[in-house]
Amino acid sequence: MAIPVESASSSPLGVGVAPRDRPHLTVVVATSLDGKLADGTGARGRFGSRADRAALESHVAAADGVLMGGATLRAEGTAMRVIDPAKIQSRRDRGLPPQPVQIIATQGDLDGALPFFQQPVPRWLLTDEAGVDRWRDRREFDQAIAIPTTAAGLDWTCALSILRQRGLERIAVLGGGRLIGALLLLDAIDELHLTLCPLLIGGDRAPTAADGPGLPLAAARRLDLVSVQQIDEEVFLSYRRSRNSP
Ligand SMILES: NC(=O)c1ccc[n+]([C@@H]2O[C@H](COP(=O)([O-])OP(=O)(O)OC[C@H]3O[C@@H](n4cnc5c(N)ncnc54)[C@H](OP(=O)(O)O)[C@@H]3O)[C@@H](O)[C@H]2O)c1
């Protein structure tokens with residue numbers, strides 16, 4: 001049986017998406033003290049403690065969807081899903097399905113043998129027309145959605161609008177740095193939850209919390225600090241989009 005596929009028409013390039021036309025985006029990452037998400041080898045980069053993983057699970061449990069870049073899935077091999085029965089029950093009580101949909105963004109290929117494809121979670125793929133052709137007769141994803149492309153990759157203005165139209169109101173963005181950097185350029189980050197871990201990794205190829213071309217300092221996005229919590233050697237920082245943002 002072929003998976004449902006769909007194409008979307010492109011949005012005007014360079015036009016951001018109004019908050020009401022996109023999901024609320026919550027970025028959740030753990031960084032080293034020098035701001036790295038991983039080392040520069042493309043290997044698995046989640047180095048937070050058990051407390052960090054518990055915090056991550058809470059953010060996943062609060063979301064309708066979880067968004068990851070293809071490189072992160074290739075490195076991690078699995079998705080963070082909701083495991084705590086109390087959190088699953090809480091989702092059911094709110095009328096939500098037990099698991100948020102796991103959304104992978106890639107124009108490349110993925111190994112169908114990754115453990116991710118055995119996890120009991122709904123899976124959507126955001127890709128380009130060629131990617132949809134590649135996945136058309138495969139069963140790994142419940143849906144493959146063709147997104148128009150720009151020189152920088154998938155057109156996130158369009159992709160976010162589609163996800164909102166499909167009923168996703170809250171998305172947890174779990175990285176990596178290139179995906180978060182693309183959303184930063186669109187000014188689409190509503191919350192940031194960052195666990196500062198007591199490591200120094202270094203390296204000019206190591207992904208950071210926001211990669212890609214970045215913004216000039218004068219246009220840097222400002223966030224309001226909401227909370228600071230220390231657990232053992234880690235610091236949990238929560239920010240939200242500044243009230244002074246347009
Ligand atoms: N410490 C943490 O909390 C944490 C969290 C997440 C990830 N990580 C680590 O970060 C590393 C991966 O991060 P990464 O920055 O290299 O990659 P990434 O952000 O996970 O994925 C980037 C990929 O997203 C896809 N993409 C499609 N359209 C895009 C667009 N317009 N802009 C940007 N990306 C687009 C592309 O996939 P294709 O190239 O497949 O087409 C691109 O290569 C891994 O080592 C992972 O373990 C750590």
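Note that the structure is a prediction, hence the values are computed from the model and not measured. One numbering rule holds for all chains: residues counted from 1, following each sequence as written. Local features in this predicted model are restricted to residues whose pLDDT is 70 or higher, and side-chain atom pairs enter the listing and the counts only when it is 80 or higher, whereas totals over whole chains, interfaces and linings include all residues.

Topic: the overall build of the protein
- Within the protein, the regular secondary structure consists of six helices and twelve strands.
- By its C-alpha atoms, the protein is 50 × 45 × 40 Å across when sized along the principal axes.
- Across the 246 residues of the protein, 37% fall into the buried class.
- The contact criterion used here is simple: two residues whose C-beta atoms, placed from the backbone, lie within 7 Å are in contact. The long-range fraction of contacts in the protein, counting pairs at least 24 apart against all pairs at least 6 apart in sequence, stands at 74%. A run of H or I in DSSP becomes a helix once it reaches four residues, and a run of E becomes a strand once it reaches two; helices and strands are each numbered from the N terminus. Comment: burial labels come from other C-beta atoms within 10 Å of the residue's own C-beta, placed from the backbone, where a count of 20 or more is buried, 12 or fewer is exposed, and between is partly exposed.

Remarks on the site of the ligand
- Each residue gets a C-beta atom placed from its backbone. Should that atom fall within 6 Å of a molecule or strand, the residue is termed near it. Near the ligand, the surroundings consist of 31 residues, among which Gly69, Gly70, Gly153, Gly175 and Gly176 are the closest.
- Sorting the residues of the shell around the ligand by element identifies β2 (24-31), α2 (70-76), β8 (153-154) and α6 (177-185) as the ones contributing at least two each.
- Of the residues contributing to the shell around the ligand, the split by class is 14 nonpolar, twelve polar and five charged. Each residue gets one label: Ala, Val, Leu, Ile, Met, Phe, Trp, Tyr, Cys and Pro are nonpolar, Asp, Glu, Lys and Arg are charged, and the others, such as Gly, are polar.

Here we look at the nonpolar core
- Definition of nonpolar core: a set of buried Ala, Val, Leu, Ile, Met, Phe, Trp, Tyr and Cys residues joined via C-beta atoms within 7 Å. Counting residues in each nonpolar core, the largest one holds 59 residues, and the members touching the most others are Val66, Leu126, Val173 and Leu183.
- Every residue in contact with Val173, bar those within four places of it in the chain, is listed here: Leu25, Thr26, Val27, Leu67, Leu179, Ile180 and Leu183.

A short note on the pairing of strand β6 (residues 143-146)
- DSSP calls a pair of strands paired once it identifies at least 2 bridges connecting them. Across four bridges, the pairing between strand β5 (residues 123-127) and β6 is parallel. Of the residues in β6, the one forming a bridge with Thr127 is Ala146.

Looking at the environment of Asp21
- Structurally, the position occupied by Asp21 is in the loop between β1 (5-7) and β2.
- Judged by C-beta crowding, with 13 C-beta atoms within 10 Å, Asp21 ranks as partly exposed.
- Separated by 153 residues in sequence, Asp21 and Leu174 place their C-alpha atoms 21 Å apart.
- Those residues in contact with Asp21 that lie beyond four places of it in its chain are Ser161 and Arg164.

Focus: α6
- With seven of its nine residues buried, α6 lies for the most part within the structure.
- Where α6 is concerned, the buried positions are Gly177, Leu179, Ile180, Gly181, Ala182, Leu183 and Leu184.
- Buried residues along α6 sit in contact with β2, β3 (65-69), β4 (101-105), β8, α5 (156-165) and β9 (170-173).
- Two residues or fewer past α6, Asp187 is found with a positive phi of approximately 55°.

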